[in-house]
Amino acid sequence: MHERTMRAVARSLFVACCAVPTCVTMLIILVLWSPWYHRRCVLATEASLALQTGLDVRIGSLERVSPTTWQLGDVQLRDNETKQSIGRIRIVSWVQEDNRTVVRLSQPEIRAEYLDDVWQLVHDRFLCRPEHTMNPIRLAADDLTIQSAHSQITIRDLDGTILPDEKQVTAMLSCMLAGERPDIEPMEIEIKRRRDEAQPRTIVSLRTGELNAPLAWLAGYHPAFQKLGDEATFHGAAKLAQVPNQDGGGAGGLNWMLDLSSARIENIDLARMTEFLPHRLVGKASLQLNRCQIVRGGVVDVDGVVQVSRGWISASLLPRLAEDLGCQLTTAVPEDFQFDLIAIDFDLYDGKLAMEGLCNSQRGFEKMPPGTMLCAGGQPIVMTGPQQIAATQLMRLFAAPHSVSVPVSEQTLEMLWLLQPPRGPLTLNDSVGSIPGSPQFDESGQPIGENAPRISGRISGFQSAPVPSDAPQSRGYW
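Analysis parameters
- Residues numbered from 1 in each chain as written.
- Predicted model: local features only at pLDDT ≥ 70, side-chain atom pairs only at ≥ 80, totals over all residues.
- Heavy atoms only, no water.
- Core = buried A, V, L, I, M, F, W, Y, C linked by side-chain atoms within 4.5 Å.
- Buried < 20%, exposed > 50% of the residue type's maximum accessible area, 1.4 Å probe, protein only.
- Helix = DSSP H or I, 4+ residues; strand = E, 2+ residues; numbered from the N terminus.
- Contact = heavy atoms within 4.5 Å.
- Phe/Tyr/Trp six-rings, centres within 6.5 Å; stacked < 30°, edge-to-face > 60°.
- Pairing = 2+ DSSP bridges.

Participant: Where do I start with the nonpolar core in this structure?
Facilitator: One broad rule of soluble globular proteins: the nonpolar side chains tend to lie buried together. Grouped together as the largest cluster of nonpolar side chains are 65 residues, with contacts concentrated most on Ile-313, Leu-321, Phe-337, Phe-339, Leu-374 and Val-382. Ranked by residues supplied to this core, first place goes to strand 20 (residues 337-349) with five residues.

Encoded structure:
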């Protein structure tokens, strides 16, 4: 009896020892599969990503596919302060294998107006932090869409690698535009963060390959791109590099330099560019940049060729070309007219501008005199001379009729915020600049006060008299 009891107790202990681990395992599985635990993991992942990116991150789903693979679904990126949407990613797959990381993005979308935020995320919070680039990273994306209020662009087959080195980290990306042939040379982007100098600096290089990259989608990023028109394209190379600032200012004594040498911009819509200017041009222009290096607030060295085949031009622009740019007019043209060709070689350096007409170097216009920059009806209309002019004369060319000359120099730049030119023409009714002792008049011509306003005699010469009621109205442009 005693022996049977002992055997029963042993069997009970054996069953208990087997059941406890099974129950614990089942309990762990139930906890891991519970909505409560899943939500807790999602919140922890969102908080970690927000801390690393500086953005407000929202995750729709989170799944651990394997011990080394995580998959995030419906990832939304928002501005941390305004909560405005920056972009979203349908699926993010993150694989960590040994000393290598593989990230795959499915159908990511980015708002063009937040490209600065995306750049700060990639550059400031990733490439500039060595702890994030200790191991190689492989990046791939399917159908990256950059959206703006005016247009959008879809990039496919985005493939990239991030390779760390002892003295620098290099990110290399290649991609294609949707709708292009798959056998053409792709677009390539290279970003280097150099750490082998006293001041770490960044160099970004872009090569379009055989592609003509559209520029309309950048209109949401900066209004200047909108003025180029919906069909403007970019082809060639671009380089953006941090260079030492001669003035010692900027972040760490560095400033950004833009280099567009050998690049070409085509299908520039001149009607869009001159839409709100006093003189109009209509046509599609191409700009070939032989040399182009621009440092904000510093060096401007640009040499290139502008060419426009067939278009319309305001007759009022011709005398401005003669007076402001020193061009020579071969004939007087009273009406707006259609031109055959505009071809100009220009060199802008050290605040000086030199131009030379190149119409005679274009096929079909070889009989034009040297220096012809604009021709119409088989005849030269505008000629350029060898003289250099101040680059500021270009602003006078398209300035409003009421604008005044402003002496700008290093000593006067800080005063521009206070002493700004007038936005409209000054008249006898202006409280500043009125003629001493003269009454003010309302729109009907009746005096509205007896005491003349206090004025400064230094600007009294800038006012203009009201246009007589019987004066003919100026002719508008098309």
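Having seen the model, we can carry on.
Participant: I tried to follow the side chain of Asp-324 on my own but got confused; where do I start?
Facilitator: With respect to the helices and strands, Asp-324 occurs in helix 6 (residues 317-325). For Asp-324, a relative accessible area of 2% puts it in the buried group. Contacts of Asp-324, omitting those with residues within four sequence positions, involve Ile-389, Gln-393, Arg-396 and Leu-397.

Participant: Would you mind showing me how to read the environment of Leu-270 here?
Facilitator: In this fold, Leu-270 is placed in helix 5 (residues 270-273). Residues Leu-270 and Gly-229, spaced 41 residues apart in sequence, show a C-alpha to C-alpha distance of 8.1 Å. Residues contacting Leu-270, with those up to four places away along its chain left out, are Leu-281, Gly-283, Ala-285 and Val-308.

Participant: Would you explain the packing of aromatic side chains in this entry?
Facilitator: To describe a pair of aromatic rings, one takes the distance between the centres and the angle between the planes. Following the criterion strictly, the structure yields one aromatic pair and no others. Taking the centre distance of 6.4 Å and the plane angle of 70° together, the rings of Trp-119 and Trp-256 count as edge-to-face. Here Trp-119 is found in helix 3 (residues 115-127), whereas its partner Trp-256 is found in strand 14 (residues 254-259), with 137 residues between them in sequence. Trp-256 gets classed as partly exposed once you look at its relative accessible area, which sits at 28%.

Participant: Explain the pairing of strand 15 (residues 264-269) here, please?
Facilitator: Along any regular strand, the residues point their side chains to alternate faces of the sheet. Sheet analysis places strand 12 (residues 233-235) next to strand 15, joined by three bridges and oriented antiparallel. The partner of Phe-234 across the bridge, within strand 15, is Ile-265. Relative to strand 17 (residues 284-295), strand 15 is paired through four bridges, and the arrangement is antiparallel. Its bridge partner lying in strand 17, Asp-269 is registered against Lys-284.

Participant: Please explain helix 3 as it appears in this structure.
Facilitator: Residues three or four positions apart in an α-helix share a direction because the helix packs 3.6 residues into each turn. Looking only at helix 3, the buried set comprises Leu-115, His-123 and Leu-127. Contact partners of the buried residues in helix 3: strand 4 (100-111), strand 8 (168-177), strand 9 (187-194) and strand 10 (201-207).

Participant: Please explain the side chain of Thr-384 as it appears in this structure.
Facilitator: Along the chain, Thr-384 falls in the loop between strand 23 (379-383) and strand 24 (388-390). Aside from chain neighbours lying at most four places away, what touches Thr-384 is Cys-327, Met-355, Glu-356, Gly-357, Gly-371 and Met-373.

Participant: Which parts of the structure should I look at to understand the pairing of strand 23?
Facilitator: Where burial is concerned, most of strand 23 is hidden: four out of the five residues are buried. The sheet contact formed by strand 19 (residues 328-329) and strand 23 spans two bridges and is antiparallel. Considered in strand 23, the bridge of Gln-328 is made with Met-383. Taken together, the four bridges between strand 22 (residues 372-376) and strand 23 define a ladder with antiparallel strand orientation. When the sheet's bridge partners are listed, Leu-374 is paired in strand 23 with Val-382.

Fair warning: the whole summary comes from geometry, so function is off the table for now.
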